[in-house]
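Structural overview for review
Residue strings, one per chain:
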Amino acid sequence: MREAYMKATYEGITVSADFVSDIAAYFAQLTSNPHDIHTLDDLREFTQRERREEYPDRDTAGSGVAEEPAAGRRRGGVSGLIARYNLSALVMPTEYVPTWTSAPGLPVITVPLGVYPPGTPILAGSRGLIAVAPGIPFGLAWLGKWWFEETLVALVGGYERGICISNLTSTITLQHDRTNYSEIVLYDLACTKNVCFSPVVWCARLMLNYKQIPYKTVFLEFPDIEPTLKELGLAPNETGHKYTVPAIQHAPTDTHLMGSIPIAQFLESTYPDRPVPLTSELGSEIGTRARAAVGPVLTKSLMPREVRILPPRAQEYFRRTREASIGRPLEDLLGEGTDEEQRRWDAVDEELRALGGLLQTRKAEGPFVLGARPSYTDFFIAGSLQCARTVDEGVFERIAKYPGFKDIYEACQPYMERKD
Ligand SMILES: N[C@@H](CCC(=O)N[C@@H](CS)C(=O)NCC(=O)O)C(=O)O
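Rules and cut-offs
Residues numbered from 1 in each chain as written. Predicted model: local features only at pLDDT ≥ 70, side-chain atom pairs only at ≥ 80, totals over all residues. Pairing = 2+ DSSP bridges. Helix = DSSP H or I, 4+ residues; strand = E, 2+ residues; numbered from the N terminus. Buried ≥ 20, exposed ≤ 12 C-beta atoms within 10 Å, placed from the backbone. Core = buried A, V, L, I, M, F, W, Y, C linked by C-beta atoms within 7 Å. Domains from an automatic or database assignment. Contact = placed C-beta atoms within 7 Å. pLDDT = per-residue confidence, 0-100. Axes fitted to C-alpha atoms, helices over the stretch in contact; angles between N-to-C directions. Parallel < 35°, antiparallel > 145°, perpendicular 65-115°, else oblique. Nonpolar A, V, L, I, M, F, W, Y, C, P; charged D, E, K, R; others polar.

**A short note on the pairing of strand β8 (residues 247-250)**
In this structure, strand β6 (residues 184-189) lies alongside β8, joined through four bridges in antiparallel fashion. Along β8, the bridge assignment pairs V185 with Q249. Where β8 lies against strand β9 (residues 255-258), four bridges are found, and the strand directions are antiparallel. Bridge pairing in β9 links Q249 to H256. Once β8 ends, the chain turns through four residues before running back antiparallel as β9, passing D254 with a positive phi of about 55°.

**Some points on the pairing of β6**
Most of β6 sits out of view: five of its six residues are buried. One ladder, built from six bridges, connects β6 with strand β7 (residues 215-220); its direction is parallel. When the sheet's bridge partners are listed, L189 is paired in β7 with L220.

**Digging into the environment of L206**
With respect to the helices, strands and loops of the structure, L206 is situated in helix α9 (residues 199-211). Judged by local crowding, L206 falls into the buried class, with 25 C-beta atoms found within 10 Å. Along the primary structure L206 and G383 are separated by 177 residues, whereas in three dimensions their C-alpha atoms are 7.9 Å apart.

**Observations concerning the nonpolar core**
A204, L206, M207, A382, A388 and I408 are the most contacted members of the largest nonpolar core, which totals 66 residues. It is helix α16 (residues 376-391) that contributes the most residues to this core, nine residues altogether. Residue-level mapping places this core at the junction of two domains, with at least three residues from each of domain 3 (184-270) and domain 4 (281-415). I408 has contacts with L359, F368, V369, D378, I381 and A382, leaving out every residue within four places of it along the chain. The next biggest cluster of nonpolar side chains, apart from the first, holds 15 residues, and it includes I82, L90, I109 and A251.

**As for the confidence of the model for the chain**
Considering every residue of the chain, the mean pLDDT works out to 86; 85% of them sit at 70 or more. Low pLDDT, under 50, characterises residues 64-75; the predicted model gives this stretch 27 contacts beyond four residues in sequence or across chains. Note on residues 165-179: pLDDT is under 50 here. Beyond four places in sequence and across chains, it has 23 contacts.

**What to know about the packing of α9 against helix α11 (residues 260-270)**
The contact between α9 and α11 brings their axes to 9 Å, and the two run at 10°. Viewed along their axes, α9 and α11 adopt a mutual orientation that is roughly parallel. Here α9 contributes V200, C203, A204, M207, L208 and K211 to the contact with α11, which in turn contributes S260, I263, A264 and L267. Its residues assigned to classes, the contact of α9 with α11 comprises eight nonpolar, one polar and one charged.

Now the structure itself:
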């Protein structure tokens, strides 16, 4: 080890690191200092003016990096870059990293990737040193912020789970293993059918499925939502239930989010491929009218049935909280032996027909609200219908029978195959 170190060309790196803590101490203990150099600034100034130092061919950029801890973030450096662009990490070939991390003391993790295979053409760097040749190892380094080692570990862990590195000593193959790799954890609502049924979680899931983003699901029972999401460090909702699903954890950016709309906005900006228009004039009209007229009727039909597909602890929680909010037993909403439920649906018949018509506005261009491609309004409609269907086929039919609704639901089927 020592022998290898002595032979290696590490002087630059070592000096860079030592500048920070030792350079002044080093100069102070010299018995002879003919050029009167005492600080890093003196040294830089001397190097730039002394012809034999070959400045600017051999420049003093490295000393700027070395100064970073003393000068703080004002001076920029790597930390300035990370802060300016609000990054979680910088990723670069390992060979570049010592210069950028050792002096400022930033955390770094290197993932070995392999060595250049036999037959690789030999390439020399600018000063004649061999940079690329068979057998030279290389890796990928992840460089993070001070005191954010945990973020770095999470990122690298996610990355390592997502790649399969074979035969480290000769060549490498990188491939995404979609079965294990998940950039996102989706927190969903548990039911005894072990599938997604919450309409709002369906909106997030449809975004993920449509955009083909690798994710895994964590199903939470109602009473476990708050403690789990609190533990993740999420701030509570300002209105309504403090902690709700859907929530997501996005490993690459170490982002945690709660709420179907913020999640949709985040996914749309982070994964712009296969774009999903989140707003449109037609979509807002449909959303507003559906929520105002149909929402309450649908909720009243679903709540007393939803409780039946919840696991026992969640049943108790759901009954207690919902009965407290409606002020009567859940089953009363069914109005058994009366036509109460039917009358509620009859009252929105005309509005459902009108909404069905609106859903078909651009039928000539395609099956979705905006024509050929889905928008968020399609996901809202399809997610609500899928929720109804999972809870009770009869309730689903009450809406799906109106022209327009079922077309959207069916057009979204390819993105609803994955339900867990
Ligand atoms: N506006 C929120 C609503 C989310 C919501 O209410 N989710 C329900 C499940 S469908 C929930 O988590 N409730 C928690 C509780 O009842 O304690 C969103 O769109 O995400």
